[in-house]
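Survey of secondary and tertiary structure
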Number of protein chains: 2
Amino acid sequence: MGVYRIISVTICAFIAFPTLTVAAKKIQHDAEYYVVQTQHAEQWAAEDDELDKRLKALRDKYGNPPNIVHIMWDDNGIGEFGNKLFNKIRGYNTPKINALAKEGATFARMYTEPSCTPSRAAALTGRLPIRCGMFKVLFPPDGMGLPGEEVTIAEVLSKAGYATAFYGKAHQGDIKESYPHNQGFDEANASLYNQAGPTWWNELGEAAGATVGWSKDTWDKEYALDQNFRPYDYVMAIEAKKGDKVAKEWAVPSIESYNRLHSHIEKKSMEFIQKNAKSKEPFYLAYWPNLPVRPPAKLPGETWSTSSANWYAEAVEDLDKSVGKVIDELKRLGIAENTLVIAMADNGPMEETAPVGPWSIFRGGKGSFLEGGIRVTAWAWWPGVIEPDTVIGDIIHISDLFTTFARLGGGMKYIPTDRVIDGIDQTALLINGDTHGRRDYNIVYSGPMLAAITKQQFKRHFIGDRPGLVGKGFFNLYWDPREEHGMMQELLWAWGNFELMKERHEKLIEKYPNTPPRHGDPLGGIERISR
Amino acid sequence: MGVYRIISVTICAFIAFPTLTVAAKKIQHDAEYYVVQTQHAEQWAAEDDELDKRLKALRDKYGNPPNIVHIMWDDNGIGEFGNKLFNKIRGYNTPKINALAKEGATFARMYTEPSCTPSRAAALTGRLPIRCGMFKVLFPPDGMGLPGEEVTIAEVLSKAGYATAFYGKAHQGDIKESYPHNQGFDEANASLYNQAGPTWWNELGEAAGATVGWSKDTWDKEYALDQNFRPYDYVMAIEAKKGDKVAKEWAVPSIESYNRLHSHIEKKSMEFIQKNAKSKEPFYLAYWPNLPVRPPAKLPGETWSTSSANWYAEAVEDLDKSVGKVIDELKRLGIAENTLVIAMADNGPMEETAPVGPWSIFRGGKGSFLEGGIRVTAWAWWPGVIEPDTVIGDIIHISDLFTTFARLGGGMKYIPTDRVIDGIDQTALLINGDTHGRRDYNIVYSGPMLAAITKQQFKRHFIGDRPGLVGKGFFNLYWDPREEHGMMQELLWAWGNFELMKERHEKLIEKYPNTPPRHGDPLGGIERISR
């Protein structure tokens, strides 16, 4: 009886906690943060004072707060690159990313959302994508997208005086309010969807077996009543500046334009860096290349140089070169010491492309709430500030980048206080390194469902559980990184606390309700190229 | 028709190959070696000339051929340690082994046999364990062991003038001829069996749930007719010198003596290194500690220091310290530049100890012919000779160490020529590094069965195949390191060549028949401690 009373009292206390102690106009984090924060309040406050001094000294030295470059690619798990051992296992070479890892910090527990759209929404807004209807991966035609009232890191940093640019894959929907130049970016070339369309949905994709039933001659010859049941007409990428009433379609979707797209966004990113390098204002660049994805077969006249010899391996080396160009350019321009680079994947490997394609040393891939779906390759690089050749074992979530970038850029006051911000300020983790993290938990959604919660090295799966009785969905990630050996008896002590975490999280949603998925005119406000 | 004729002719030519072209008194390798060797004969001969000069220069400089220390532990797959990222994923620290990796070369494809006894036999004899009846893991009471007529690396190097010692887990049987001091080692303390007996088969093991039905009070109370159906009486380790008529039982098996055993063999190893460091003769040390295994629960008064907090993690850190002591001592004694250290596991993780215990990033564990069973952590260290901080992607098999150590020690002429030696001389790989390997194949046995063959990045499973028709047992290890996506259509071109490899291998066994398992008196020639 005593135990139950304690749990019951604790539920009430902790559920009430966020509203009781957080003053108005302060950032509202998820409930779990305060459970941790109250245990470290003094220490963190002191550390923050030191960090503020450090940041001020840097700002005085360079005249600006740091430039921030967020490089984010697709579908890539731990085990693929970042060191030579992984390269040898996979049969390709990534010298530039390996060098980045040696010069910076490697995250051992960078968690994203399970797929592109949610991860990118979390990075942009600092919020779990469930909070704004961006919880599932979007496919054309959507008529959906990131709601305009979401406040993105581009809006926050713009207000703090940053030049901002978005180049690459947005995947935030095809309604007007969702386009990056309408979400705070000064300039953008943004892919609206994922790469399946331009790379697979064509004759080459059919010839390579990557697409079935696309071309008209592969249709059912007698019973296909609906002649529109193919998304033939969609926009691959748009280019626009903040304030543009109409965005321009960048090119008609095709393999050729897809291949050109990468060179284009790379070039635009370089130009953006170059023109802002000597500016009085700092810059923020979201460089989210449509890699390592590419057409699924050799193009005419193409030869492959990787030992692994497949489209994925070739695309990985393209990605490596592209990341290398950014790093080299920052060094060449002499701004490396005042630029933070975060380089990472947006989620785990897309296992469905097997046997070719990405892998993870963890179980599960893109779309899964298992570690393989959400625990990705990620590095932080900031010469002179981030300790080189280190590994960070703390939990960090992709939404934390929002808040951390805001802190570094002097934009904390522009973070909205009328909603839940899941992203925690992890400036201490970046600057002071391993063990200086500010969260030991992660709330894992799979689509609209709360699928799992991670706390320290323990993870509870809610999906697959036995309703009404705790199941074997408890995992010790140090012991069992692949989540293959669920326990119950051994971790029964954690049952009550995991229930509490879930209840606290859900209770706060009652106070700050989720915004439902935002619908609108598909491809609204785009000037199409005549075809 | 044309294709079939070519294959048929090729079979005959290649099957006949080894007997036709290898002169008498030359080492007889497996047939597949000559397929590779004929394609690189001139290049390798020239490289060997250069290597001989290099080795002679080293010998002139140090007065001796290199000392060789072979450290080999238990059950450990790639993904567990060797770098900080793996440490963070697993929740323990191995700074000494990580440093070893940075100072030396990491093997990405070191293949062992699937379990302790066969792997250790292969290391000692340079032969696939099927060739001498050592193809399965032994458990007490055996009455079996390594045949006396097998020529071990200790015999080869003894003839070449080396002092030799064996300290640790031999697991080569409990018949007299199998004991290390009867197999060429000058001195030895050798565990005859694996660690299950002293660690699990006792009250602590029962209390921890690691052993069931051991103590008398757990027996069937009514129907247990056979009162001897428990291996209560066995020897944990013996200590002896070459020529001793009787080996001494080192201690009565118990948790206490097991824990003492590790300190003892570590101390004996250090003493052996110290006394030979200044000798005119070089030394060979097989230091095969009974780690990372230990009692499966906390001992009275013990506290655990790892974050992972289990017996395995604690044992891993013990292993790390032990490896570090050897390296530090070699440096302290000033002989590091003339000492090759190979540090490695004997096979993949013992998955049955899950959720606690070792893991591998590959699929399968100890006992399996999958990569997880046979592709292990391994490093080579030789300051000034082996390029630091490198990764070797070539295939190397544990039997290669035999031949390579013989070459380095000037003992090639003592390798017997009346039998198949599977181990290839990989001196070029050690000294010239990545891509200088001399095999691109691996014959994988599972017990007495030829289970798989690896050739370059491809692997064909024979176990699980469809008799009479090729199955989906073809894997591309670069694409699919976990062997989860068997192919057939895509790799059908390799069918014929894999069949040829198997036939050539089997044909040579007809000429050089396997020695059947050697039986004898269990625990023969041991002076038991009175109990």
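This is a predicted model, so every value here is computed, not measured.

Attention shifts here to empty space enclosed by the protein. All names here are of chain A. What the rule picks out here adds up to 6 cavities of 30 Å³ or more. As a volume, the largest cavity reaches approximately 60 Å³. Looking at the largest cavity, the residues that line it are D30, L128, H397, S399, D422, R439, Y441, N442 and I443. No other element matches the 3 residues that strand β15 (residues 441-446) contributes to the lining of the largest cavity. Taken together, the residues that form the lining of the largest cavity break down as 3 nonpolar, 3 polar and 3 charged.

So, on to the confidence of the model for chain A. All names here are of chain A. Taken as a whole, chain A shows an average pLDDT of 93; of its residues, 95% reach a score of 70 or greater. Across residues 1-24, confidence stays below pLDDT 50; counting only partners more than four residues off in sequence or on other chains, it has 18 contacts. What the predictor reports for the complex is a pTM of 0.94 with an ipTM of 0.93.

The next thing to look at is the packing of helix α2 (residues 31-62) of chain B against helix α14 (residues 495-511) of chain B. Residues and elements named next belong to chain B. Taken N-terminus to C-terminus, the directions of α2 and α14 make an angle of 120 degrees; their axes are 8 Å apart at the nearest point. Classified by the angle their axes make, α2 and α14 are oblique. Here A31, E32 and V35 of α2 lie close against α14, whose contacting residues are M501, R504 and L508. Its residues assigned to classes, the contact of α2 with α14 comprises 4 nonpolar, no polar and 2 charged.

Our focus in this paragraph is the interface of chain A and chain B. Contacts between the two partners involve 39 residues from chain A and, on the opposite side, 39 residues from chain B. Carbon and sulfur atoms supply 64% of the area buried between chain A and chain B, which totals about 3,400 Å² over both sides. The tally of links between chain A and chain B comes to 6 salt bridges. Here K88 of chain A ties to D434 of chain B by a salt bridge, and the two come within 2.5 Å at their closest N and O atoms. Linking chain A to chain B there are 12 residue pairs in polar contact (both at pLDDT 80 or more). Secondary structure elements with two or more residues in the side of chain A that touches chain B: α3 (84-90), β2 (105-107) and β13 (390-392) of chain A. Residue contributions to the side of chain A that touches chain B peak at 6 residues, all from α3 of chain A. Here the residues of the side of chain A that touches chain B are counted per class, giving 19 nonpolar, 10 polar and 10 charged.

How each quantity is defined
- Residues numbered from 1 in each chain as written.
- Chains lettered and ligands numbered in written order.
- Predicted model: local features only at pLDDT ≥ 70, side-chain atom pairs only at ≥ 80, totals over all residues.
- Heavy atoms only, no water.
- 1 Å grid on protein atoms, 1.4 Å probe; cavity = no way out; pocket = protein on both sides within 12 Å on 5 of 7 lines; lining within 4 Å.
- Points joined across faces, edges and corners; volume = space filled by probe spheres on them.
- Helix = DSSP H or I, 4+ residues; strand = E, 2+ residues; numbered from the N terminus.
- Nonpolar A, V, L, I, M, F, W, Y, C, P; charged D, E, K, R; others polar.
- pLDDT = per-residue confidence, 0-100.
- Contact = heavy atoms within 4.5 Å.
- Axes fitted to C-alpha atoms, helices over the stretch in contact; angles between N-to-C directions.
- Parallel < 35°, antiparallel > 145°, perpendicular 65-115°, else oblique.
- Buried area = accessible area lost by both parts, 1.4 Å probe.
- Salt bridge = Lys/Arg side-chain N within 4 Å of Asp/Glu carboxyl O.
- Polar contact = N/O pair within 3.5 Å; in protein donor to acceptor, adjacent residues only side chain to side chain.

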